[in-house]
Each structure stands twice: as structure tokens, then as C-alpha cells.
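# Geometric and topological summary
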Protein chains: 2
Amino acid sequence: MAIKVHGIPLSTATMRVVSCLIEKDLDFEFVFVDMANEEHKKHPFLSLNPFAQVPAFEDGDLKLFESRAITQYIAHTYASNGIQLILQDPKKMAIMSIWMEVEGQKFEPLASKLTWELVIKPMIGMGSTNDDIVKESEEQLSKVLDIYETRLTESKYLGGDSFTLVDLHHIPNIYHLMNTKAKALFDSRPRVSAWCADILARPAWMKGLEKLQK
Amino acid sequence: MAIKVHGIPLSTATMRVVSCLIEKDLDFEFVFVDMANEEHKKHPFLSLNPFAQVPAFEDGDLKLFESRAITQYIAHTYASNGIQLILQDPKKMAIMSIWMEVEGQKFEPLASKLTWELVIKPMIGMGSTNDDIVKESEEQLSKVLDIYETRLTESKYLGGDSFTLVDLHHIPNIYHLMNTKAKALFDSRPRVSAWCADILARPAWMKGLEKLQK
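Residues numbered from 1 in each chain as written. Chains lettered and ligands numbered in written order. Predicted model: local features only at pLDDT ≥ 70, side-chain atom pairs only at ≥ 80, totals over all residues. Heavy atoms only, no water.

### Things to note about the interface of chain B and chain A
Often, the extent of an interface is quoted as the loss of accessible area upon association of its parts. Worth spelling out the cut-off: Whether two residues touch is decided by their heavy atoms; if any such pair falls within 4.5 Å, the residues are in contact. Note on terms: buried area is the combined drop in 1.4 Å-probe accessible area of two parts once they are placed together, counting the loss on both. Think of a salt bridge as a Lys or Arg side-chain nitrogen and an Asp or Glu carboxyl oxygen that are within 4 Å of each other. Under this definition, polar contacts are N or O atom pairs within 3.5 Å; protein pairs additionally need one hydrogen-donor-capable and one acceptor-capable atom, and for neighbouring residues in sequence, both atoms have to be side-chain atoms. Secondary structure elements follow DSSP: runs of H or I no shorter than four residues count as helices, runs of E no shorter than two count as strands, and numbering proceeds from the N terminus. Classification convention: Asp, Glu, Lys, Arg as charged; Ala, Val, Leu, Ile, Met, Phe, Trp, Tyr, Cys, Pro as nonpolar; all other residues, Gly among them, as polar.
Facing the 27 residues of chain B at the interface are 27 residues of chain A. Of the roughly 2500 Å² buried between chain B and chain A, counting both surfaces, carbon and sulfur atoms make up 68%. Contact with chain A buries area across many residues of chain B, yet F51(B), I98(B) and E101(B) alone supply 22% of it, more than any other trio. For the pair chain B and chain A, the number of links is four salt bridges. At the surface where chain B touches chain A, the tally comes to eight residue pairs in polar contact (both at pLDDT 80 or more). Broken down by element, the side of chain B that touches chain A gets its largest block of residues, 12 residues, from helix α4 (residues 90–123) of chain B. Per-class residue counts for the side of chain B that touches chain A are 14 nonpolar, five polar and eight charged.

### Considering the packing of helix α1 (residues 12–23) of chain A against helix α6 (residues 165–177) of chain A
Residue and element names in this part refer to chain A. We count it as follows: Axis definition: a line fitted to C-alpha atoms, over the contacting stretch in the case of helices. Angles run 0 to 180 degrees between N-to-C directions. Here roughly perpendicular refers to angles of 65 to 115 degrees, roughly parallel to angles under 35, roughly antiparallel to angles over 145, and oblique to all remaining angles. The crossing is said to be left-handed when, going from far helix to near helix, the turn is anticlockwise and less than a right angle, and right-handed when the turn is clockwise.
Here α1 crosses α6 at 130 degrees, and the two axes come no closer than 9 Å. With respect to α6, the element α1 is oriented oblique. Taken as a pair, α1 and α6 cross one another with a handedness that is right-handed. Packed against α1, whose contacting residues are T12, M15, R16, S19, C20 and E23, the element α6 presents L165, L168, H169, P172, N173 and H176 at the interface. Within the contact of α1 with α6, the residues separate by chemical class into five nonpolar, five polar and two charged.

### Topic: the sheet that holds strand β2 (residues 29–32) of chain A
All names here are of chain A. For clarity, the cut-off: For two strands to pair, DSSP has to find at least two bridges joining them.
Taken together, four strands build an open sheet; the order of strands is β2-β1-β3-β4 and the sheet is mixed. The sheet is open, and its two edges are formed by β2 and β4 (62–65), each paired on a single side. On average, each strand axis in the sheet is tilted by 20 degrees relative to the strand beside it, whichever way the strands run. Across four bridges, the pairing between strand β1 (residues 3–7) and β2 is parallel. Looking at β2, one finds that G7 is bridged to F32. Of the strands in this sheet, β1, β2 and β3 (56–59) touch α1, which is tilted by about 155 degrees from β1.

### Things to note about the domain arrangement of chain A
All names here are of chain A. Applied cut-off: Domain delimitation in this document rests on an assignment produced automatically or drawn from a domain database.
As assigned here, chain A comprises domain 1 (3–84) and domain 2 (90–204). Each side of the interface is counted separately: domain 1 has 14 residues, and domain 2 has 17 residues. Between domain 1 and domain 2, roughly 1400 Å² of surface is buried when both sides are summed, and carbon and sulfur atoms account for 65% of that area. On the domain 1 side of the interface with domain 2, the three residues burying the most area are L10, R16 and R68, jointly 41% of the side's total. Between domain 1 and domain 2 we count five salt bridges in total.

### Considerations on helix α4 (residues 90–123) of chain A
Residue and element names in this part refer to chain A. What counts, and what does not: For a helix, the expected span equals 1.5 Å multiplied by the number of residues minus one. We define the bend at each residue as the angle formed by axes fitted to the 7 residues ending at it and the 7 residues starting at it.
Helix length check: α4 (34 residues) gives 43 Å between terminal C-alpha atoms against 50 Å at 1.5 Å per residue, more than 12% under. Maximal helix bending in α4 amounts to about 50 degrees, located at F107; proline P109 follows within four positions. Where α4 starts, the residue carrying a side-chain oxygen 3.2 Å from the main-chain nitrogen of K91 turns out to be D89. At the C-terminal side of α4, G125 shows a positive phi close to 70 degrees.

### Notes on the sheet that holds strand β4 (residues 62–65) of chain B
The strands that make up a sheet pair up through hydrogen bonds in the backbone, lying either parallel or antiparallel. All names here are of chain B. Read from one edge to the other, the open sheet built from four strands follows the order β2-β1-β3-β4, with strand pairing classed as mixed. Both edges of this open sheet fall to β2 (29–32) and β4, since each of them pairs with a single strand only. The average angle at which neighbouring strand axes cross in this sheet is 20 degrees, direction not considered. Here helix α3 (residues 67–77) sits on the sheet and contacts β3 (56–59) and β4; the angle it forms with β4, its principal contact strand, is near 135 degrees.

Right, dumping it as C-alpha cells:
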């Protein structure tokens, strides 16, 4: 099999890539990285990602890391597979790029802090939740979601009228946060709430969860 | 004039866009945003960027924000102007995308904290430098720059063999940090140091500084 994803099911960045591959109807091998035994901090993993983070990705002789670089590669290279995850019109693509950056620069730093504090940290026994960090992150994320609520009056999805990488990049953190008290941030905004329900129900996302949680 | 950049010279994100336009030999109008009087927090600016941040960008009827979305739009739309800032080969473009993400996700959060603490905060009288934040950011940035040092043994520039958006996105923070004690982080790594000297000496960067500091 030509495509390999090295990662762990609990990693939002790993799930971002897995979900993208399934949306694009691409076969791949999932290679579990034994992070508990620090496999990611040693060679050969470091030759796949010098930052010692999952996921790493291989497509034949091409080796990539950084989940959003990987999904962009998949969306462009396998444009004719599965559904289109990028837009063809240059102006629409530029608008979509704005919201790709908003996810990476504004949503992810806050959502990933909440996912860490409320989900991952307690789950892997790394100590108790820091309530100050949660409170501050929730306050800041509320402001971002207010802007999402307005944006979703203009288009059905965040990047445009169809589901794209922008929405896909959000799914893993939202999935985790839906099982926490931070769910209220999403539920209290009608358009954001409907958008979350829509993207979390995507068959590719559910298939990815099933595949990795086996 | 069709292209407008709304921003302030001190903003690294504004300078990123200005430098890109000059690399691409594009004329533009610079619109100063009176942030001291909170112009960015009011309409009509909020209709250009709902996050109330500079820069905002207009190209005819297209309105964009998020500096890295803007530079990508410019590089793709005006591909035949000035120098090429993206790579044509899909695999090389994928590698370049990795380092675009590394800049946005790994370099920027640390470099912008240092730029804020060591340059902007003292300059605009927002209080004294927080030495703990500086120390922690410097330690983390050192690790990123170690990886850059290795990467620069593989290619002349961070994204590949030619100067691209990857390098351009780094310039504004590096420019500010070269006047601070954080300069030592860059100077102590020979390849990083040579790369910094190269990209800071680009005529487009210097022309941008001159244009905005008038």
C-alpha cells in the first residue's frame, strides 16, 4: 500500500489526516506510533518528522508532516478522487484560504488547549484540569465562535457553500469538546451548532473513528 | 488603484503582505489604520476584518484578511508578475507547504511573543518586558531553530532551493528580533544566520520598509 499514516487515534492532527483520506476514498495503512514508549522521539520516526510529533505521512517516496500540509497535498494531488475538498474558482479559493488560516491561527490554539485540559490530560493521567486555562480559553473561543456564527449566515460551510478542508480541519477538536462542558459554547450559537452537527455526522469522519478505534 | 492594504508599519502581518506585493511588482495603496484611536474595532474596518486586526486587503471587489491567506492569493493570482513565490512541481509544493505550516504553527507563536515583549510593548508603552515569557519563548524557539539549521543543510531556503512565501513569511519577526537580545539565537546557528542575512537583504523587503516608514 502506497500511503501510510503514522500516528495515534487520540491525536487530533492524526485524525485530521485520516478523515481527509477517507473523504477522498483513498486506501492507506495506519501505523501506530508507540508514544508511551517515546517512539516519536527516536529514529526512524524523527526522519519522518523532526519535530517528534504525530502524524507523519508517506505517499510512495514522498514524506510529509504537519497535518494541514498533508491534507492540502491530498486534496490537490487526488483532486478527482472522492469529494472535492478545495474550491476551483480563484476568488472563492482565496476566501476559503482566509478561513483555513483562521482555523490554524485562531481556533486551533484555543480549542487544542481545551481538548488537552478537558479530555486528553485527564484521560492519560497527566494531572488535573487547569481551570484558569479552561476559563480563559473558553472566553477567547467564545469571541471566535461569535464570528463563526456571523460567517455561517453568509455561507452554509465556513469556507464556502460546500464542505471543504476548512470544515474538515475543525472536526477532531470539536468531536472531543462535544463530550465536555465546552459543548455549551457551540450549542448556544444556532448556526455553529447546526454546522457542528453536520460535519460530525459525515460518514468519512465516523468511518475514520471506527477504523482507528478498533 | 485596485489593490489596497489597510494596516500599520509596526505590524508584522501588515509587513508580510506589503513585502509580498513588492516582490510581485504590484502597485498598491497603503491605508493607515489609526489603531491608537481604535479604528480597527469599529465599522467600516470590521467589515474588512471581523477579528479587528490588521492587515485587511482589497483587490477590486475581493476583500481578504489573514496575512498568509493574502500572500497565497497574491502568489497564485499574480503568478506571472515579479518573482515566483510558490513552486510548480506538486511534490516540491507539498514540501514547501510543510514549512509554511511550520512557520505559522511553530515559529510565529514564539517569535511573535518575543517581538511583542522585546520590541512592541516597550515601544508603545504597554509596560515592561516579561522576562519569564522571554526566557520560555527563547528556549522553545531554540529547538525550532535547531531543526531549521538541519533543514538548511538540505536546501538553500526553508521551503526549497529558491526563495518562496515560506521565507517571506518569516522576515518581519526576524527583522524586529535582530535588534534585540534574541538575535543571538539566530547568530549562533551558521546556516540560520546566513539565511537571515540573505532574506533581510532582499530589495523588496527594504523597499517595503522605506515605503511604510516615510
